[in-house]
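Fold and contact review
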Amino acid sequence: MPETLRCSSARNRGGVQRVEGKLRASVEKGDYYEAHQMYRTLFFRYMSQAKHAEARELMYNGALLFFSYNQQNSAADLSMLVLEVLEKSDTKVEEEILGNLAKLFSLMDQNSPERVAFVSRALKWSTGGSGKLGHPKLHQLLAVTLWKEQNYSESRYHFLHSSDGEGCAQMLVEYSASRGFRSEVDMFVAQAVLQFLCLKNKNSASVVFSTYTEKHPSIEKGPPFVQPLLNFIWFLLLAVDGGKLTVFTVLCEQYQPSLKRDPMYNEYLDRIGQLFFGVPPKQSPSYGGLLGNLLNSLMGSGEDDDGAEEAQEDSSPIELD
């Protein structure tokens with residue numbers, strides 16, 4: 001870095017630290033409203049001067065400060081301003097920034113509407129990286145936070161759009177053990193595997209299956225397994241690697257009694273047949289009815305291989321039966 005730029009950067013950093021010191025003193029005295037307004041004024045000043053890094057840092061630290069004093073509204077507002085900087089600047093998607101966004105999310109009131117808006121905008125911004133439905137790493141961080149909060153259904157949704165099959169499996173083991181019936185232990189992992197395959201994430205599908213069946217206390221060591229549905233999933237993963245349509249067809253026919261336990265299974269398998277075995281799509285442009293809405297919310301509404309162009313970042317997670 002040239003000496004002039006280095007000096008300028010150091011001066012800017014020193015200026016931010018001095019300003020932060022004054023703002024912190026205001027918050028510590030309990031002058032929350034005044035401090036909040038000062039943060040907003042500085043935000044717009046920095047943005048008008050294209051000092052995006054300084055604006056983002058000031059808003060992020062300010063949000064953390066307000067959270068530490070349980071000033072949820074002010075903290076959430078500054079969190080939104082962090083996103084505004086990212087949206088209006090050419091900031092690249094980096095793991096540190098994704099971690100910061102996940103940290104703000106974790107501190108927000110679990111029931112606040114601001115939290116829903118925040119996560120939707122954060123995922124949309126993160127699509128500048130890989131993944132049309134939001135960056136897989138951000139999904140993974142959100143999933144872990146929601147898991148800690150025991151919000152298993154939403155955690156599950158975000159795990160599906162991450163690449164963390166192992167974390168997903170461990171969460172599902174806990175979910176099944178704490179909220180599910182013993183007779184449904186196989187259904188928790190079956191749905192996850194089928195949905196990962198619908199999203200063309202074969203690796204995570206395999207990892208979630210092997211980890212879940214190994215770690216779940218109610219599943220005897222396999223394969224083969226006591227539960228026919230688990231044997232079906234095991235054979236399906238092998239068939240996906242082989243890519244032979246006849247094997248896939250026979251497999252689905254042989255295990256129809258198990259597949260009838262959830263009406264969604266055959267819908268997922270239709271899609272898997274198209275993606276991995278060359279089965280032509282159905283004539284209708286999209287799946288219809290309630291099942292179609294669930295499937296489209298998972299995969300996007302398009303029938304092409306790349307899925308829908310527009311991701312449904314804030315769509316409701318698919319519930320387990």
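Residues numbered from 1 in each chain as written. Predicted model: local features only at pLDDT ≥ 70, side-chain atom pairs only at ≥ 80, totals over all residues. Heavy atoms only, no water.

The name given to the protein chain in an unreviewed UniProt entry is Golgi to ER traffic protein 4 homolog, and the organism recorded there is Salarias fasciatus. Per UniProt, the protein chain has the following entry under Subcellular location (unreviewed entry): "Cytoplasm, Cytosol". One UniProt comment on the protein chain, placed under Subunit (unreviewed entry), says "Component of the BAG6/BAT3 complex." (UniProt positions renumbered as here; feature names shortened; annotations may be inferred.)

1. What to know about the overall build of the protein chain
If you tally the helices and strands in the protein chain, you get 16 helices and zero strands. Every one of the 321 residues in the protein chain was classed for burial, and the buried ones make up 49%. Roughly 15800 Å² of accessible area belongs to the protein chain as shown, and the carbon and sulfur atoms make up 50% of that amount. (Helix = DSSP H or I, 4+ residues; strand = E, 2+ residues; numbered from the N terminus. Buried < 20%, exposed > 50% of the residue type's maximum accessible area, 1.4 Å probe, protein only. Areas by Shrake-Rupley, 256 points an atom, 1.4 Å probe, with all protein chains shown as cover.)

2. A few points about the pattern of salt bridges
Side chains bearing opposite charge may pair, as long as their charged atoms lie close to each other. By the definition in use, this model includes six salt bridges. Notably, a salt bridge pairs Glu-149 with Arg-115, separated by 2.6 Å at the nearest N-O pair. Residue Glu-149 is located in the loop between helix 7 (136–148) and helix 8 (152–160), and its partner Arg-115 is located in helix 6 (residues 113–126); the two are separated by 34 residues in the primary sequence. Comparing Glu-149 with Arg-115, the two get one shared label, buried. As a salt-bridge pair, Asp-241 and Lys-202 come within 3.3 Å of each other at their nearest N and O atoms. Residue Asp-241 is located in helix 12 (residues 228–242), and its partner Lys-202 is located in helix 11 (residues 202–215); the two are separated by 39 residues in the primary sequence. Residue classification places Asp-241 among the exposed positions, given a relative accessible area of 55%. Assessed through its relative accessible area of 32%, Lys-202 is described here as partly exposed. (Salt bridge = Lys/Arg side-chain N within 4 Å of Asp/Glu carboxyl O.)

3. Details of helix 10 (residues 185–198)
The end-to-end C-alpha distance of helix 10 is 21 Å, a good match for the 20 Å that 14 residues give at a rise of 1.5 Å each. Counting buried residues in helix 10 gives 14 out of 14 residues, a clear majority hidden from the surface. Two residues or fewer past helix 10, Lys-200 is found with a positive phi of approximately 65°. (Expected span 1.5 Å × (residues − 1).)

4. Some details on the environment of Val-247
Position of Val-247 relative to the elements: it lies in helix 13 (residues 245–254). With a relative accessible area of 40%, Val-247 lands in the partly exposed category. Along the chain, Val-247 and Phe-277 lie 30 residues apart, while their C-alpha atoms are 9.7 Å from each other.

5. What to know about helix 3 (residues 52–68)
If you check helix 3, its first and last C-alpha atoms are 24 Å apart, about what 17 residues at 1.5 Å a residue would give, namely 24 Å. Along helix 3, the residues classified as buried are Glu-54, Ala-55, Leu-58, Met-59, Tyr-60, Gly-62, Ala-63, Leu-65, Phe-66 and Phe-67. Taken from the residues just after helix 3, Asn-70 is the one with a positive phi, measuring 60°.

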